[in-house]
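# Structural description and commentary
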Amino acid sequence: MVLRELRWTDIDELAALERELFPHDAWTEPTWWAELAGRPRRDYLVEEDPDGIAAYAGLDVGSEVADVMTIAVAPRAQGRGLGRTLLQELVDRARRRGAEYLMLEVRDDNVPARRLYERAGFEHLTTRRRYYQPGDVDAHILRLTLKEDLA
């Protein structure tokens, strides 16, 4: 496996993987181009295996609060700990850039992702009812404290 920065040449493959993973709300090629143009505030990485992109993740750091933009693992690579590896890399990058908190939202019906974030120490802040459409699926807003209060 190779962990590397996202390149513009990855966009077609990422968009296809998005359609496979998230058929109702997949990011399109123009969305990926816009995300890539958001550097240096936006930070995207991919994990490659011999078959191509196996997983990807993105981070937005605007101030003391950073946001996980996405974490996804291709079906062929699920169950290998890639989500955990990418999440840890996002946490490390947010810390290095001075963020105090890392925020994210996760679908209520995405049990593996919810477990991943819970094990990583994220706390539940609130729920946005029927946020994801179609399907009226709730979104849980989670936060990880990156810097401890020294007072």
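Presented here is an overview of the structure given in this document. Note that residues are indexed from 1 along each chain, following the sequence as it is written. With the structure being a predicted model, the display of local features is reserved for residues of pLDDT at least 70 and the display and counting of side-chain atom pairs for 80 or more, all residues being used for whole-chain, interface and lining totals. Only hydrogens and water are set aside when side-chain values are computed; all heavy atoms of the structure are taken into account.

### What about the nonpolar core?
Within the largest apolar cluster, 28 residues are counted, with the highest numbers of intra-cluster contacts made by Leu102, Tyr117 and Phe122. Helix and strand definitions follow DSSP, with helices as H or I runs of at least four residues and strands as E runs of at least two, each counted in order from the N terminus. If you list the elements that add at least two residues to this core, you get strand 3 (52–61), strand 4 (65–73), helix 3 (82–96), strand 5 (101–107), helix 4 (111–119) and strand 7 (137–145). Element by element, the count of residues in this core is highest for helix 3, at six residues. Contacts are assigned to residue pairs that have any heavy atoms within 4.5 Å of one another. Excluding residues within four positions of it along the chain, phenylalanine 122 makes contact with Leu87, Leu102, Leu104, Tyr117, Leu142, Arg143 and Leu144. The term nonpolar core refers to a set of buried residues drawn from Ala, Val, Leu, Ile, Met, Phe, Trp, Tyr and Cys, joined through side-chain atoms within 4.5 Å. Any residue under 20% of the maximum accessible area for its type is buried, any over 50% is exposed, and the rest in between are partly exposed; the area is computed with a 1.4 Å probe on protein chains only. Ala15, Ile53, Tyr56 and Ala72 belong to the second largest nonpolar core, which has 14 residues in total.

### As for the pairing of strand 6 (residues 123–132)
A pair of strands is treated as paired once DSSP finds two or more bridges between them. In the sheet, strand 6 pairs with strand 7 via six bridges, with the strands oriented antiparallel. Within the sheet, the bridge partner assigned to arginine 128 lies in strand 7 and is alanine 139. Between strand 6 and strand 7, which pair antiparallel one after the other, the connecting turn spans four residues, and glycine 135 there sits at a positive phi close to 110 degrees.

### Observations concerning unusual backbone geometry
Following arginine 39, the chain continues into proline 40 via a peptide bond in cis, with omega recorded as 10 degrees. Among the secondary structure elements, proline 40 is positioned in the loop between helix 2 (29–37) and strand 2 (42–49). The peptide bond linking glutamine 133 to proline 134 adopts the cis configuration, its omega dihedral lying at -5 degrees. Residue position: proline 134 is located in the loop between strand 6 and strand 7. Positive phi, normally seen in glycine, also occurs at arginine 130, with a value near 50 degrees.

### Regarding the sheet that holds strand 3
Spatial strand order, 1-2-3-4-5-7-6: seven strands in an open sheet with mixed pairing. What marks the edges here is a single partner per strand, and that holds for strand 1 (2–5) and strand 6. Going across the sheet, the axis of each strand differs from the next one's by a mean of 25 degrees, ignoring polarity. Pairing between strand 3 and strand 4: seven bridges, direction antiparallel. Bridging from a neighbouring strand, valine 61 pairs with alanine 66 of strand 4. Simply put, an axis is a line fit to the C-alpha atoms, just over the touching stretch for a helix, and the angle between two N-to-C directions goes from 0 to 180 degrees. In this fold helix 1 (residues 11–21) packs onto strand 2, strand 3 and strand 4, with an angle of close to 95 degrees to the strand it touches most, strand 3. Across the sheet, helix 4 lies against strand 4, strand 5 and strand 7, angled at about 160 degrees from strand 5, the strand it touches most.

### Let's talk about the environment of leucine 146
Residue placement: leucine 146 occurs in the segment after strand 7. Taking relative accessible area as the criterion, leucine 146 reaches 7% and is therefore assigned buried. Excluding anything up to four places from it in sequence, leucine 146 contacts Val91, Ala94, Arg95, Ala99, Glu100, Tyr101 and Leu102.

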